[in-house]
Amino acid sequence: MRWEKEAEALLKKVPFFVRGRVKKKVEDFVRQRGGNVVTREEMLAAKRALRDKAAEAQEGFAVEGCFGAAGCENAVTSSLALLEKIENLLREEELTSFLRQKVGGPLKHHHQFRVALSECPNACSQVQIRDVALIGQVEIRIHPERCSFCGECERVCEEGALTLREDGPVLDQKKCVKCGACTRICPEEALEEGKRGYRVLLGGKLGRHPRLAREILPLATEEEVLLLLKKVVKFYKTHNESGERLGAIFDRLGWEKSFEEILR
Ligand code: SF4
Ligand code: SF4
Ligand code: SF4
């Protein structure tokens, strides 16, 4: 396959780490059309065709997790099974065909209904800018009678939520993000893990009018997460006008009112 100079110049603008793959796809495209020379026009036609193909294949939803399940030491939940259930739920709800119909054609990346999960409050998977955000958390229980006053918990808590007093550690619930770091370091089991679950937030997005997701449930079990997600999807389908993101619907109807309707 011969490349004309102008087509080569266009190819050089493609990021180097995908350039080889793009080159092959363009050559396949030209070959399928019976050609043996890549011109500037062929290059542009190939680009349009590849973009259309990608849009056709675009699913209406995306579910992402963090690396916690692969053994991150900070993980307080382990959610591979939950992520699979969420993906199945969204597939059963036929979000892809629903969105295609609302958008009136192929979907783009920004149309996707996005769910992200982080296995601890560090939130590496950028959950706060997704439609549905799940953050693994664990409550702590204090047994002051077991405390040896080593001070490790106070040192390890990045939030300044634990203070060591004469009668043992005292927790400031407002500051605690439920990461469980203090329970892992306590040598006396004076700090113990309590209820484990997910903080659930809704309505985050990037784009022209970026906003962070807001909390709807403080600490939900897997079952509660799945039940809530069903309600969120019902709300999303009921009020979606043209494929807009969940947060945009909340903006239109009012966040408080929308959350009330979802939780009803
Ligand atoms: S969110 Fe927490 S568990 Fe997940 S990769 Fe980040 S630090 Fe690890
Ligand atoms: S769970 Fe995390 S934030 Fe809460 S007190 Fe322990 S170390 Fe601090
Ligand atoms: S780490 Fe445990 S034993 Fe040490 S001060 Fe804190 S609660 Fe007490």
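Residues numbered from 1 in each chain as written. Chains lettered and ligands numbered in written order. Predicted model: local features only at pLDDT ≥ 70, side-chain atom pairs only at ≥ 80, totals over all residues.

For the chain, the helix and strand inventory stands at ten helices and nine strands. For 264 residues, the compact-globule formula gives about 18 Å, and the C-alpha radius of gyration of the chain, at 25 Å, lies well above that figure. Burial statistics for the chain: of 264 residues in total, 33% are counted as buried. Summarising the internal contacts of the chain: among those between residues at least 6 apart in sequence, 64% fall at separations of at least 24. (Helix = DSSP H or I, 4+ residues; strand = E, 2+ residues; numbered from the N terminus. Rg over C-alpha atoms; globule rule 2.2 N^0.38 Å. Buried ≥ 20, exposed ≤ 12 C-beta atoms within 10 Å, placed from the backbone. Contact = placed C-beta atoms within 7 Å.)

Along its 17 residues, helix α2 (residues 16-32) runs 25 Å from first to last C-alpha, staying within 8% of the 24 Å computed at 1.5 Å per residue. In the stretch just after α2, Gly34 is the one whose phi turns positive, near 80 degrees. (Expected span 1.5 Å × (residues − 1).)

So, about the sheet that holds strand β4 (residues 113-118). What links the strands of a sheet is backbone hydrogen bonding, and the strands pair in either a parallel or an antiparallel sense. The strand order β3-β4-β5-β8-β9 describes an open sheet built from five strands, whose pairing is mixed. The sheet is open, and its two edges are formed by β3 (61-64) and β9 (214-220), each paired on a single side. Taken over all neighbouring pairs, the strand axes of this sheet differ in orientation by 20 degrees on average, direction set aside. One ladder, built from four bridges, connects β3 with β4; its direction is parallel. Each bridged residue has a counterpart across the sheet, and for Val63 the counterpart in β4 is Val115. Along the sheet, helix α8 (residues 222-239) contacts β4, β5 (132-142), β8 (191-202) and β9; its crossing angle with β9, the most-contacted strand, is approximately 155 degrees. (Pairing = 2+ DSSP bridges. Axes fitted to C-alpha atoms, helices over the stretch in contact; angles between N-to-C directions.)

Burial analysis of β5 places nine of its eleven residues in the buried class, the great majority of the element. In terms of strand pairing, β5 meets β8 through ten bridges, oriented antiparallel. For Gly136, the partnering residue across the bridge sits in β8 and is Tyr198.

Within the largest apolar cluster, 34 residues are counted, with the highest numbers of intra-cluster contacts made by Val127, Ala133, Leu134 and Val232. Looking at this core, the elements with two or more residues in it are β3, α4 (80-92), α5 (95-103), β4, β5, β8, α8 and α9 (246-253). In terms of residue count, α8 provides more of this core than any other element does, seven residues in total. When sequence neighbours within four positions are dropped, the list of residues in contact with Leu134 reads Leu117, Val127, Tyr198, Val200 and Val225. Core analysis: the second largest hydrophobic core is formed by 16 residues, Val76, Cys157, Ala190 and Leu191 among them. (Core = buried A, V, L, I, M, F, W, Y, C linked by C-beta atoms within 7 Å.)

Contact geometry of α4 with α8 gives a least axis separation of 11 Å together with a crossing angle of 20 degrees. The orientation of α4 with respect to α8, classified from their angle, is roughly parallel. In the crossing of α4 with α8, the sense of the turn from one axis to the other is right-handed. Contacts between α4 and α8 involve Leu82, Lys85, Ile86 and Leu89 on the former and, on the latter, Glu222, Val225, Leu226, Leu229 and Lys230. Taken together, the residues of the contact of α4 with α8 break down into six nonpolar, no polar and three charged. (Parallel < 35°, antiparallel > 145°, perpendicular 65-115°, else oblique. Left-handed = near helix turned anticlockwise from the far one by under 90°. Nonpolar A, V, L, I, M, F, W, Y, C, P; charged D, E, K, R; others polar.)

On to the site of ligand 2. Near ligand 2, the surroundings consist of 14 residues, among which Cys157, Ala161, Cys176, Cys179 and Cys182 are the closest. In the shell around ligand 2, the residues fall into eleven nonpolar, one polar and two charged. (Near = placed C-beta within 6 Å.)

With respect to spatial proximity, the complete set of residues near ligand 1 consists of Cys66, Phe67, Gly68, Cys72, Asn74, Ala75, Ser118, Glu119, Cys120, Asn122, Ala123 and Cys124. Here the residues of the shell around ligand 1 sort into seven nonpolar, four polar and one charged.

What follows concerns the domain arrangement of the chain. Per the domain assignment, the segments of the chain are domain 1 (2-57) and domain 2 (61-263). The C-alpha centroid of domain 2 is placed 41 Å from the C-alpha centroid of domain 1. (Domains from an automatic or database assignment.)

Here the focus is unusual backbone geometry. At Glu94, a residue that is not glycine, the phi angle is positive and equals roughly 55 degrees. Within the secondary structure, Glu94 sits in the loop between α4 and α5. Residue class for Glu94 comes out partly exposed when judged on the 13 C-beta atoms lying within 10 Å of it. Unusually for a residue other than glycine, Ala123 sits at a positive phi of about 55 degrees. With respect to the secondary-structure elements, Ala123 resides in the loop between β4 and β5.

Our next topic: the packing of α8 against helix α10 (residues 255-263). Interaxial distance between α8 and α10 falls to 9 Å at its minimum, and their mutual angle equals 125 degrees. One way to sum up the angle between α8 and α10 is to call them oblique. Judged by the sense of rotation from one axis to the other, the crossing of α8 with α10 is right-handed. Residues Lys231, Val232 and Phe235 of α8 lie in contact with α10, whose contacting residues are Ser258, Glu261 and Ile262. Classifying every residue of the contact of α8 with α10 by side-chain character gives three nonpolar, one polar and two charged.

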